[in-house]
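One-letter residues, chain by chain:
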Amino acid sequence: MMAAAALRPHKAPPARVPTRWVAALCAACFLLGICVVNRYWPVPEHPGCPDTASSDHSRAALNQVSQTREVIMALDKTISDIEMRLAAARAAQAMSQGMSPSDSEDDQGSMRHRMSFVMGVFTTFANRKRRDSIRQTWMPQGHQLRSLEEKGVIIRFVIGRSENPNPDNEVDRAIDAEDKEYNDILRLNHVEGYGGLPMKVQMFLSTALTMWDADFYVKTDDNVHVNIGITRSILARHRMKPRVYIGCMKSGPVVTKNDSKYYEPDHWKFGTEGNNYFRHATRQLYAVTRDLATYISANRHILHKYSNEDVSFGSWLIGLEVEHVDERSLCCDCEWKAQAGNPCAASFDWNCTGICNPVERMTEVHRRCWEGRGAEGHTQF
């Protein structure tokens, strides 16, 4: 019982921004804007002035207008930054958005430790065997999972709730029992299947942000083999950057035929038939920094959701100042890469959009691909 309790995430009290601070800051920005405009606003020309003086005055006035605009743009950027911080604070207060209640008062009062990354392994009610295959291979269990968290890595299976949750619902009871046994499942306040994967990704980020403070937030699937050590090393190289989107970047054709499972109802938005999507990471594994996760969480209600999860995620970042990192070791055949001396961070079969027959083959892939080959222990850093 003590070990299970230790594995539960520590939660901090919700961040609150006093309303009077916001009002005072907005008023200060307004007064500063008035002062700047009064200082730099051009003086109207007087009739009868010589042409040369008028020309010089016009140039000076244009310079003053340009400076004024720059100052106003800076103020606007500052206000936008304040609004983003307020949105992040509101997201942190949204404890009801899928976060489980604390088991003790001590958890509510404890400070959060900054993690390296939080990884959500997306799964469904029917995929219990897939989850077990991962538990038996690359995802540590018990004290090893606790040791991993002490090193700054959180890994959880991510799943929503049934359409009609109640104490007698067998599906929800089965997941609750599984979580009680392994303590490695993150339940979302989200109906499984509703709104598709794009909405589930948004809910995962919102929930994870309220529970853990991390440099990166990572999404993967339950039919992918992950090399935890290599993944952590890749992310660590970009830890000091504020806005990074890491994954195997691709740009496939926009599917316009409605008999395909990848059919895009909004295909007309991408121009003429035959056009490709913008660059985005494959859905098997990708990561974003905290700033980007916060942006998506705070704006999730107005971010458009395309039919495909990876396209949707890429579209949410397309208009932002974001560094796209094309990391090919997040989508490769580990055996082939190992022969070249470059181990894979995430392994799967392209033709199956994951490991083909993962329940049967995960052990085989793990034997060839895990970071501890030839060494003691489950996970090596």
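Coordinates for the structure precede this section.
None of these values were measured; they are calculated from a predicted model.

## Description of the sheet that holds strand β2 (residues 153-161)
So, step 1. Read across the open sheet, the 7 strands follow the order β3-β2-β1-β4-β7-β6-β8; overall the sheet is mixed. Looking at the sheet topology across the chains shown, the edges are occupied by β3 (185-191) and β8 (323-326). Taking each pair of neighbouring strands and ignoring which way they run, the sheet shows an average axis angle of 25°.
So, step 2. Relative to strand β4 (residues 213-221), strand β1 (residues 114-122) runs parallel, the two being bridged by 8 bridges. If you follow R114 over to β4, its bridge partner there is D213.

## Quick notes on the packing of helix α10 (residues 290-298) against helix α11 (residues 309-317)
Axis angle and axis distance: for two packed helices, these are the angle between their axes and the distance between the axes, and together they describe the pair.
So, step 1. Two elements in contact, α10 and α11, have axes whose closest approach is 11 Å; the angle formed by their N-to-C orientations is 100°. By the angle class used here, α10 and α11 are roughly perpendicular. Across the interface between the two elements, L292, Y295 and I296 from α10 touch F313, W316 and L317 from α11.
So, step 2. For the contact of α10 with α11, the per-class residue count stands at 6 nonpolar, no polar and no charged.

## Some remarks on the packing of helix α8 (residues 196-211) against α10
So, step 1. For the pair α8 and α10, the least separation of the axes is 9 Å and the interaxial angle reads 115°. Considering only the axes of α8 and α10, their crossing is left-handed. Residues Q202, L205, S206 and L209 of α8 lie in contact with α10, whose contacting residues are R290, A293, T294, I296 and S297.
So, step 2. Looking at side-chain class alone, the contact of α8 with α10 contains 4 nonpolar, 4 polar and 1 charged residues.

## A short note on the packing of aromatic side chains
So, step 1. Counted by the stated rule, this structure contains 8 aromatic pairs.
So, step 2. Arranged with centres 5.6 Å apart and planes meeting at 50°, the rings of F313 and W316 form a pair that is tilted. A residue pair is termed a helical-turn pair when its members lie 3 or 4 positions apart in one helix, as F313 and W316 do in helix α11 at 3 residues. W316 carries the same exposure label as F313, and that label is buried.
So, step 3. Taken together, the aromatic side chains of Y245, Y286, F313 and W316 make up a single cluster linked through ring pairs.
So, step 4. Positioned over the ring face of Y182 is R135, at 4.0 Å from the centre of the ring.
So, step 5. Across the ring face of F122, the terminal group of K219 is positioned such that the distance to the ring centre comes to 5.4 Å.

## Some points on the environment of V153
So, step 1. Considering the arrangement of structural elements, one finds V153 in strand β2.
So, step 2. Expressed as a C-alpha distance, the spacing of V153 and M119, which sit 34 residues apart in the sequence, is 7.8 Å.

## Some details on the pattern of salt bridges
So, step 1. Considering all chains together, one arrives at 25 salt bridges under this definition.
So, step 2. Residue D215 is joined to R114 by a salt bridge in which the shortest nitrogen-to-oxygen separation is 3.2 Å. Of this pair, D215 sits in strand β4 while R114 sits in strand β1, placing them 101 residues apart in sequence.
So, step 3. Overall, the relative accessible area of 13% leaves D215 in the buried class.
So, step 4. Between R156 and E149 there is a salt bridge whose closest N-O contact spans 2.9 Å.
So, step 5. Each of R128, R131, D132, R135, E178 and D184 takes part in one network of salt bridges that share partners.

Basis of the calculations
Residues numbered from 1 in each chain as written. Predicted model: local features only at pLDDT ≥ 70, side-chain atom pairs only at ≥ 80, totals over all residues. Heavy atoms only, no water. Pairing = 2+ DSSP bridges. Helix = DSSP H or I, 4+ residues; strand = E, 2+ residues; numbered from the N terminus. Axes fitted to C-alpha atoms, helices over the stretch in contact; angles between N-to-C directions. Parallel < 35°, antiparallel > 145°, perpendicular 65-115°, else oblique. Contact = heavy atoms within 4.5 Å. Nonpolar A, V, L, I, M, F, W, Y, C, P; charged D, E, K, R; others polar. Left-handed = near helix turned anticlockwise from the far one by under 90°. Phe/Tyr/Trp six-rings, centres within 6.5 Å; stacked < 30°, edge-to-face > 60°. Buried < 20%, exposed > 50% of the residue type's maximum accessible area, 1.4 Å probe, protein only. Lys NZ or Arg CZ within 6 Å of the ring centre and 35° of its normal. Salt bridge = Lys/Arg side-chain N within 4 Å of Asp/Glu carboxyl O.

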